[in-house]
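Spelled out, the chains give:
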Amino acid sequence: MKLFYSAGSCSTSCHITLEESGLTYQAVKVDWDDAADSSLAEIARLNPLGTLPILIADHGVVLDQNIGIHTYVADQVPAQQLLPPAGTLERAEAMNWLSFVAADLHKSFGPLFALESISPDKQAQESIRRWAIKNVKRNLAFLETRLAGKDYLMGKIFTVADAYCFVVVNWTQWMDISLDEYKNLKAYLVRILARPAVQKVYQEEGLR
Ligand SMILES: N[C@@H](CCC(=O)N[C@@H](CS)C(=O)NCC(=O)O)C(=O)O
């Protein structure tokens, strides 16, 4: 399997899942800002939407959605319990969390990465920024409540939903959003960062 990722983006969560799985894979770092990066043309060919992650899975099948990649990789190694078994209520709960991260949490950060593309007007940018931060914080507060008394989103066991959630919540550092009022969430991030697979990915991607 071959994963294309850019450091610290949502694709980092797929990198973590691959590392947690223990499977053999190749991870290719993409630098969006380097026009000479030879992977850019390949990415455009593989996924016309131009987004990462992209995973070339078995038989050359291309997956280009976080949820698809996390689910596929987890299902290759059921013994690792990266997702509960298909057909169980626990599986539906874990998919519910993956969906929350993709459709609610991840998307709430979107405008913060695109302020200048949305409007050239500085005042408009500031209004959008404040509105987006309010939405991000509503999701953080929701997570804070749901993590009370738990190590991970599903309780005691780390799942791929945690890999994705961890990476996205860490974007608060880039956006200067303090996590001081979210004690459970802060402890959760520390717990996940300490995992050997996460440490390895962080080193490889040059993150801290
Ligand atoms: N639908 C995709 C969206 C992935 C996505 O938003 N990727 C971002 C990085 S976090 C990206 O590639 N952005 C680059 C761009 O839009 O130019 C998914 O959920 O997997």
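Each remark here, short or long, concerns the structure printed above.
Keep in mind that this is a model prediction, so the values were computed, not measured. (Residues numbered from 1 in each chain as written. Predicted model: local features only at pLDDT ≥ 70, side-chain atom pairs only at ≥ 80, totals over all residues. Heavy atoms only, no water.)

**Concerning the overall build of the protein**
1) Next: On a plain count of helices and strands, the protein comes out with 10 helices and four strands.
2) Next: The order of helices and strands in the protein, counted from the N terminus, is β-α-β-α-β-β-α-α-α-α-α-α-α-α.
3) Next: Taking 17 Å as the expected radius of gyration for a compact globule of 208 residues, we find that the protein reaches 17 Å, a close match to that expectation.
4) Next: Once the C-alpha set of the protein is aligned to its principal axes, its extents read approximately 50 × 50 × 30 Å. (Helix = DSSP H or I, 4+ residues; strand = E, 2+ residues; numbered from the N terminus. Rg over C-alpha atoms; globule rule 2.2 N^0.38 Å.)

**Remarks on the site of the ligand**
1) Next: If you check the shell around the ligand, you find Ser9, Cys10, Trp32, Thr51, Leu52, Pro53, Asp64, Gln65, Asn66, His106, Tyr164 and Trp171 and nothing else.
2) Next: In this structure, a nitrogen atom belonging to the ligand sits 2.7 Å away from a side-chain N or O atom of glutamine 65.
3) Next: The contact in question runs from an oxygen atom of the ligand to an N or O atom on the side chain of histidine 106, over 3.4 Å.
4) Next: When isolated, the ligand has an accessible area of 520 Å², and the protein chains bury 67% of it.
5) Next: Split into classes, the residues belonging to the shell around the ligand amount to six nonpolar, five polar and one charged.
6) Next: Three or more residues apiece are contributed to the shell around the ligand by two domains, here domain 1 (2–81 + 200–205) and domain 2 (89–195). (Near = heavy atom within 4 Å. Polar contact = N/O pair within 3.5 Å; in protein donor to acceptor, adjacent residues only side chain to side chain. Areas by Shrake-Rupley, 256 points an atom, 1.4 Å probe, with all protein chains shown as cover. Nonpolar A, V, L, I, M, F, W, Y, C, P; charged D, E, K, R; others polar. Domains from an automatic or database assignment.)

**Section: the pattern of salt bridges**
1) Next: The tally for this structure, following the rule as stated, stands at 10 salt bridges.
2) Next: A salt bridge links arginine 129 to glutamate 126, with the nearest nitrogen and oxygen atoms 2.9 Å apart. You can see arginine 129 and its partner glutamate 126 sitting in helix α6 (residues 122–146), three residues apart, about one turn around the helix.
3) Next: Given the relative accessible area of 29%, arginine 129 is considered partly exposed.
4) Next: The class of glutamate 126 is partly exposed, set by a relative accessible area of 29%.
5) Next: Between glutamate 126 and arginine 130 there is a salt bridge whose closest N-O contact spans 3.4 Å. (Salt bridge = Lys/Arg side-chain N within 4 Å of Asp/Glu carboxyl O. Buried < 20%, exposed > 50% of the residue type's maximum accessible area, 1.4 Å probe, protein only.)

**Regarding the pairing of strand β2 (residues 26–29)**
1) Next: Inspection of the sheet shows strand β1 (residues 2–5) paired to β2 by four bridges, in the parallel sense. Each residue of the ladder has a partner; that of lysine 2, found in β2, is glutamine 26.
2) Next: A crossover connection joins β1 to the parallel β2 through helix α1 (residues 11–21); in handedness this β-α-β unit is right-handed. (Pairing = 2+ DSSP bridges. Right-handed = clockwise from strand over helix to strand, strands pointing away.)

**Some thoughts on the packing of helix α3 (residues 66–76) against helix α4 (residues 89–113)**
1) Next: Contact pair α3 / α4: the axes reach a minimum separation of 10 Å and the direction vectors enclose 150 degrees. One way to sum up the angle between α3 and α4 is to call them roughly antiparallel. As for how α3 packs across α4, the hand of that crossing is right-handed. Facing α3, whose interface residues are Asn66, Ile67, His70, Thr71 and Asp75, α4 presents Arg91, Met95, Leu98, Ser99, Ala102 and His106.
2) Next: Of the residues belonging to the contact of α3 with α4, the class tally is four nonpolar, five polar and two charged. (Axes fitted to C-alpha atoms, helices over the stretch in contact; angles between N-to-C directions. Parallel < 35°, antiparallel > 145°, perpendicular 65-115°, else oblique. Left-handed = near helix turned anticlockwise from the far one by under 90°. Contact = heavy atoms within 4.5 Å.)

**Quick look at α6**
1) Next: With 25 residues, α6 extends 36 Å from end C-alpha to end C-alpha; this agrees with the ideal 36 Å at 1.5 Å per step.
2) Next: Turning to α6, its buried residues are Gln125, Ile128, Ala132, Ile133, Asn135, Val136, Asn139, Leu140, Leu143 and Glu144.
3) Next: Buried-residue contacts for α6 involve α4, α5 (115–118), α7 (160–169), α8 (171–174) and α9 (183–193).
4) Next: Where α6 begins, the side chain of aspartate 121 points an oxygen toward the backbone nitrogen of glutamine 123, at a separation of 2.9 Å. (Expected span 1.5 Å × (residues − 1).)

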